[in-house]
Amino acid sequence: MSMWWSLHLRREAASVPLARRFLLGTMETAGVDPDISYDLSVALSEACANAVEHGGRPGAGEAGDADPGQAVDERSVHTNEQYRVTAYLDGEKCRIEVADSGPGFPVRRTLRTAAHPSAGQPSDSHLPARQPSPGGVACAAPPGEPPSIMAESGRGLCLIEELADHVTFGNRPGRGAVVSFDKVLKWREGALLMVS
């Protein structure tokens, strides 16, 4: 058995704990190991917070922000005010995707595509940086250095990379950014999804 759900949330701070609680409730009901659930919920919180802060198109704010006499595309305003969270759970893994309608990630930076090395590959603890992905982004720190612990922002994407098994940061042409991450699941004894 597998399951998926999708939430369309307003770009408001209150949506972040709502998405996190929804995910935790789903994981608890399905029987996912609490440590895995916690890691995924923290990664989801970071991705949602990023969408809330950066997920709107510049100049496409509230309808009341328009210049007098300027026509306002209500669909554009409505889309700009929300983001989407989708989660897929099956017997082996959970994939979460957070998509917004913002300007997307800058293309000029590199991306670490996974928090953990693949089987048979050496650990990257001694390497300066991981392989860049096409059009990807990176943490806010210089290559090979984690963001400063005192930095006010810039740690969220790195945290997602550390908590998930595979992470992709991408852009939808003209439609915003997408953060997608997977984690292999562990199950409690007698878990609902593992019974079938």
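Placed above this text is the structure.
Residues numbered from 1 in each chain as written. Predicted model: local features only at pLDDT ≥ 70, side-chain atom pairs only at ≥ 80, totals over all residues. Heavy atoms only, no water.

## Considering empty space enclosed by the protein
Over the atoms rolls a probe the size of a water molecule, and in doing so it shows where empty space is left.
Logical step 1: Under the counting rule described, the total for this entry stands at 1 cavity of 30 Å³ or more.
Logical step 2: Roughly 40 Å³ of volume is contained in the largest cavity.
Logical step 3: In terms of lining residues, the largest cavity is bounded by Ala47, Asn50, Ala51, Val98, Asp100, Phe105, Ala177 and Val179.
Logical step 4: At the level of secondary structure, the elements contributing two or more residues to the lining of the largest cavity comprise helix H2 (34–54) and strand S5 (176–184).
Logical step 5: Looking at which element gives the most residues to the lining of the largest cavity, the answer is H2, with 3 residues.
Logical step 6: The residue inventory of the lining of the largest cavity, partitioned by class, reads 6 nonpolar, 1 polar and 1 charged. (1 Å grid on protein atoms, 1.4 Å probe; cavity = no way out; pocket = protein on both sides within 12 Å on 5 of 7 lines; lining within 4 Å. Points joined across faces, edges and corners; volume = space filled by probe spheres on them. Helix = DSSP H or I, 4+ residues; strand = E, 2+ residues; numbered from the N terminus. Nonpolar A, V, L, I, M, F, W, Y, C, P; charged D, E, K, R; others polar.)

## Quick look at the sheet that holds S5
Logical step 1: Across the sheet, 5 strands lie side by side as S1-S2-S3-S5-S4; this open sheet has antiparallel pairing. Among the strands making up the open sheet, the edge pair consists of strand S1 (3–10) and strand S4 (166–172). Neighbour-to-neighbour, the strand axes of this sheet turn through a mean angle of 15°, independent of strand direction.
Logical step 2: Sheet topology places S4 next to S5; 7 bridges connect them, and they run antiparallel. (Pairing = 2+ DSSP bridges. Axes fitted to C-alpha atoms, helices over the stretch in contact; angles between N-to-C directions.)

## Quick word on the environment of asparagine 171
Logical step 1: Its place among the elements puts asparagine 171 in strand S4.
Logical step 2: For the pair asparagine 171 and serine 101, spaced 70 residues apart in sequence, the C-alpha to C-alpha distance is 9.6 Å.
Logical step 3: A distance of 2.6 Å separates a polar side-chain atom of asparagine 171 from the backbone nitrogen of phenylalanine 105. (Polar contact = N/O pair within 3.5 Å; in protein donor to acceptor, adjacent residues only side chain to side chain.)

## Focus on the nonpolar core
Logical step 1: Counting residues in hydrophobic clusters, the biggest one holds 39 residues, and the most contacted among them are Leu40, Leu44, Tyr83, Val85, Ile96, Val98 and Phe181.
Logical step 2: Elements supplying a minimum of two residues to this core: S1, helix H1 (15–30), H2, strand S2 (82–89), strand S3 (93–99), helix H4 (156–163), S4 and S5.
Logical step 3: Per element, the largest residue contribution to this core is 9 residues, and it comes from H2.
Logical step 4: When near neighbours in sequence (up to four residues on either side) are disregarded, valine 85 contacts Trp5, Ser6, Leu7, Leu9, Leu44, Cys48, Ile96, Glu97 and Val98. (Core = buried A, V, L, I, M, F, W, Y, C linked by side-chain atoms within 4.5 Å. Buried < 20%, exposed > 50% of the residue type's maximum accessible area, 1.4 Å probe, protein only. Contact = heavy atoms within 4.5 Å.)

## Considering the environment of glutamate 53
Logical step 1: By the element assignment, glutamate 53 lies in helix H2.
Logical step 2: On the accessibility criterion, glutamate 53 (56% relative accessible area) is exposed.
Logical step 3: Sequence separation between glutamate 53 and glycine 102 is 49 residues, and the spatial gap between their C-alpha atoms is 9.5 Å.

## Observations concerning the packing of aromatic side chains
Logical step 1: Taken as a whole and assessed by the stated rule, the structure comprises 3 aromatic pairs.
Logical step 2: Centre to centre, the rings of phenylalanine 105 and phenylalanine 169 are 5.5 Å apart; their planes meet at 70°, and the pair counts as edge-to-face. Of this pair, phenylalanine 105 sits in the loop between S3 and H4 while phenylalanine 169 sits in strand S4, and the two are 64 residues apart along the sequence. Exposure class is identical for phenylalanine 105 and phenylalanine 169. Each is buried. (Phe/Tyr/Trp six-rings, centres within 6.5 Å; stacked < 30°, edge-to-face > 60°.)

## Notes on the pattern of salt bridges
Logical step 1: In the structure shown here, the tally under the stated rule is 7 salt bridges.
Logical step 2: The partner of arginine 188 in a salt bridge is glutamate 28, and the shortest N-O contact between them spans 3.5 Å. With arginine 188 in the loop between S5 and helix H5 (192–195) and glutamate 28 in helix H1, this pair connects stretches of sequence that are 160 residues apart.
Logical step 3: Residue arginine 188 is classed as partly exposed on the basis of its relative accessible area of 33%.
Logical step 4: Within the structure, one salt-bridge network assembled from shared partners comprises Arg10, Glu12 and Glu81. (Salt bridge = Lys/Arg side-chain N within 4 Å of Asp/Glu carboxyl O.)

## Notes on the packing of H2 against H4
Logical step 1: Interhelical geometry of H2 versus H4 gives an angle of 155° and a closest axis separation of 9 Å. Overall, the two elements H2 and H4 adopt an arrangement that is roughly antiparallel. Here H2 runs over H4; the crossing is left-handed. On H4, the residues that touch Asp39, Val42, Ala43, Glu46, Ala47 and Asn50 of H2 are Gly156, Leu157, Leu159, Ile160 and Leu163.
Logical step 2: For the contact of H2 with H4, the residue count by class is 7 nonpolar, 2 polar and 2 charged. (Parallel < 35°, antiparallel > 145°, perpendicular 65-115°, else oblique. Left-handed = near helix turned anticlockwise from the far one by under 90°.)

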